[in-house]
Amino acid sequence: MNIRPRRNRKNSTIRSMIEETRLSVDNLIYPVFVEDGKNIKKELKSLPNQFSWSLDKLLNEIEYCISIGIKSFVLFPVINNQFKDSKASYSYSDDNFYLNVIRVIKDTFPNTCLISDVAMDPYSSDGHDGIYTNGLIHNDETLPILGKMALAQAQAGIDIVGPSDMMDGRVGYIREILDKNNFSDVSIMSYTAKYSSSFYGPFRDVLKSNPKHGDKKEYQMNPSNKREALLEADLDFEEGADFLMVKPALCYLDIIHLLKENFNIPITAYNVSGEYVMTYIASKHGYLDYNSAMSEILISIRRAGADAILSYFAKDFANLISK
Ligand code: PBG
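Residues numbered from 1 in each chain as written. Predicted model: local features only at pLDDT ≥ 70, side-chain atom pairs only at ≥ 80, totals over all residues. Heavy atoms only, no water.

*Asks:* Could you clarify how one ought to interpret the overall build of the protein chain in this entry?
*Replies:* A tally of helices and strands in the protein chain yields eleven helices and twelve strands. Its C-alpha atoms give the protein chain principal-axis dimensions of roughly 70 × 45 × 40 Å. Scored against the burial criterion, the 323 residues of the protein chain give a buried share of 55%. As displayed, the protein chain has an accessible area near 15100 Å², and 48% of this comes from carbon and sulfur atoms. Taking the 36 positively charged and 42 negatively charged side chains of the protein chain as two groups, their mean positions are separated by 9 Å. (Helix = DSSP H or I, 4+ residues; strand = E, 2+ residues; numbered from the N terminus. Buried < 20%, exposed > 50% of the residue type's maximum accessible area, 1.4 Å probe, protein only. Areas by Shrake-Rupley, 256 points an atom, 1.4 Å probe, with all protein chains shown as cover. Lys, Arg positive; Asp, Glu negative; His and termini not counted. Charge placed at Lys NZ, Arg CZ, Asp CG, Glu CD.)

*Asks:* Which parts of the structure should I look at to understand the pairing of strand E4 (residues 72-78)?
*Replies:* Across a regular strand the side chains alternate sides, sitting on one face of the sheet and then on the other. Counting buried positions along E4 gives seven out of seven residues, so the element sits mostly inside the fold. Taking every second residue as pointing to the same face, both faces of E4 are buried, with Ser72, Val74, Phe76 and Val78 on one and Phe73, Leu75 and Pro77 on the other. Both strand E1 (residues 28-35) and E4 contribute to a ladder of seven bridges, which runs parallel. Following the sheet pairing, glutamate 35 is matched in E4 by valine 78. (Pairing = 2+ DSSP bridges.)

*Asks:* I'm lost on empty space enclosed by the protein in this one. Help?
*Replies:* A probe as big as a water molecule, rolled over the atoms, marks out the empty space that is left. All chains considered together, the criterion is met by two cavities of 30 Å³ or more. There is about 140 Å³ of room inside the largest cavity. Along its surface, the largest cavity is lined by 16 residues, and Asp121, Lys194, Tyr200, Phe203 and Lys247 are the ones closest to its centre. For the lining of the largest cavity, the secondary-structure elements that each account for two or more residues are strand E9 (187-194) and helix H6 (201-207). Within the lining of the largest cavity, the residues separate by chemical class into seven nonpolar, three polar and six charged. Space inside the second largest cavity adds up to approximately 40 Å³. In terms of lining, the second largest cavity is formed by Tyr30, Pro31, Val32, Phe33, Gln50, Phe51, Trp53 and Glu61. Element by element, the count of residues in the lining of the second largest cavity is highest for E1, at four residues. When grouped by side-chain class, the residues that make up the lining of the second largest cavity number six nonpolar, one polar and one charged. (1 Å grid on protein atoms, 1.4 Å probe; cavity = no way out; pocket = protein on both sides within 12 Å on 5 of 7 lines; lining within 4 Å. Points joined across faces, edges and corners; volume = space filled by probe spheres on them. Nonpolar A, V, L, I, M, F, W, Y, C, P; charged D, E, K, R; others polar.)

*Asks:* Would you take a moment to explain the site of the ligand for this structure?
*Replies:* Close to the ligand lie 16 residues; Arg204, Gln220, Lys247, Ser273 and Tyr312 are nearest. The separation between an oxygen atom of the ligand and a polar side-chain atom of serine 273 is 2.7 Å. Here the ligand has 400 Å² of accessible area as a free molecule, and 100% of this is covered by the chains. Mapping the ligand onto the cavity grids shows that it belongs to the largest cavity. (Near = heavy atom within 4 Å. Polar contact = N/O pair within 3.5 Å; in protein donor to acceptor, adjacent residues only side chain to side chain. Sits in = over half its atoms within 2 Å of the grid points.)

*Asks:* Explanation requested: the pairing of E1 in the structure shown.
*Replies:* Most of E1 sits out of view: eight of its eight residues are buried. Taking every second residue as pointing to the same face, both faces of E1 are buried, with Leu28, Tyr30, Val32 and Val34 on one and Ile29, Pro31, Phe33 and Glu35 on the other. In the sheet, E1 pairs with strand E12 (residues 308-311) via two bridges, with the strands oriented parallel. Bridge pairing links isoleucine 29 to leucine 310 in E12. Taken together, the two bridges between E1 and strand E3 (residues 47-53) define a ladder with parallel strand orientation. Of the residues in E3, the one forming a bridge with valine 34 is tryptophan 53.

*Asks:* When you look at the layout of surface pockets in this model, what are you seeing that I'm missing?
*Replies:* Approximately 220 Å³ is the volume found for the largest pocket. What lines the largest pocket is a set of 16 residues, among which Glu35, Lys42, Ser52, Val78 and Lys208 lie closest to the centre. The dominant element in the lining of the largest pocket, judged by the number of residues it contributes, is strand E2 (residues 41-44), at three residues. Of the residues in the lining of the largest pocket, the class split is seven nonpolar, two polar and seven charged. Computed from the structure, the second largest pocket encloses a volume of approximately 160 Å³.

*Asks:* I keep staring at the nonpolar core and nothing clicks. Help me out?
*Replies:* If you look at soluble globular proteins, the nonpolar side chains tend to sit buried side by side. Residues Phe33, Ile70, Leu75, Ile105, Val161, Ile256 and Tyr270 are the most contacted members of the largest nonpolar core, which totals 106 residues. With eight residues, the top contributor of residues to this core is helix H4 (residues 139-156). The residues touching valine 161, leaving out its near neighbours within four places in the chain, are Ser116, Val118, Ala150, Gln153, Ile174, Leu178, Val186, Ser187, Ile188 and Met189. (Core = buried A, V, L, I, M, F, W, Y, C linked by side-chain atoms within 4.5 Å. Contact = heavy atoms within 4.5 Å.)

Here it is in structure tokens:
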């Protein structure tokens, strides 16, 4: 045998010398849930060891995250039912607490990167990402709402808006509104290939945003489709997206790879709630080793081509490698 691949694995120095994929905390984006009120740090039943925070407590948490190297956050609002309506009007209202959360975090920690969620579902009494009547989602009627939401977030100081709604044409629509209002520096991280997935279950439970009728298959992608992801990516790129996201991550590593090979802008992947929960629970019950399963999952998403990863593992991973 002339070629023995095992020679290059014979000790840890060689192994790390030739390691092909590296992951640093800089590549991680931590999703956090915020709610209105004071002195709230509530563990989420459907997302164990993740919390929903009021702004005052969240500031301490962000300070801690920064101390372990996490500087990028995606913020999700948990909205009380009384503020939900069919047009998600609270989403861009001046007294939406979420906008204040963005403003205060950005003032307090100017070096953080804050990413928003642009979609109707957290605010919609129908639990859909678009305007819903008589069993139909109205794409073009939804765009102005998304535009107002993105503009309000830009005015509050967001670095990157994150349209997660899958309406056609929303990236271009949002880009135009931001530019017209002198927010050409605000970036768009588009949820480009967002699949209709069972792995969002725990997240919807947290936001109480399960669709009241029907499902999201009319706008989120069919898990069987791959070429369609290229079509979505072409459109988002043409419309001015700065980042293309694939979501979920684990069942869609091929899609991450595909977009990485075909587009020269950063690719991000959302390692979603269900993916976190299955790892966390299996580890709690002794079936998996949490730290090594987490590390393997994150490195696989990066190896597939993700430049940055949104993950509920972010804090645990940062703590692990700081040891
Ligand atoms: C919806 C949205 C969803 C997630 C983020 N934004 C779920 C959905 O489409 O219902 C899921 C994230 C996760 O599961 O961690 N705008």
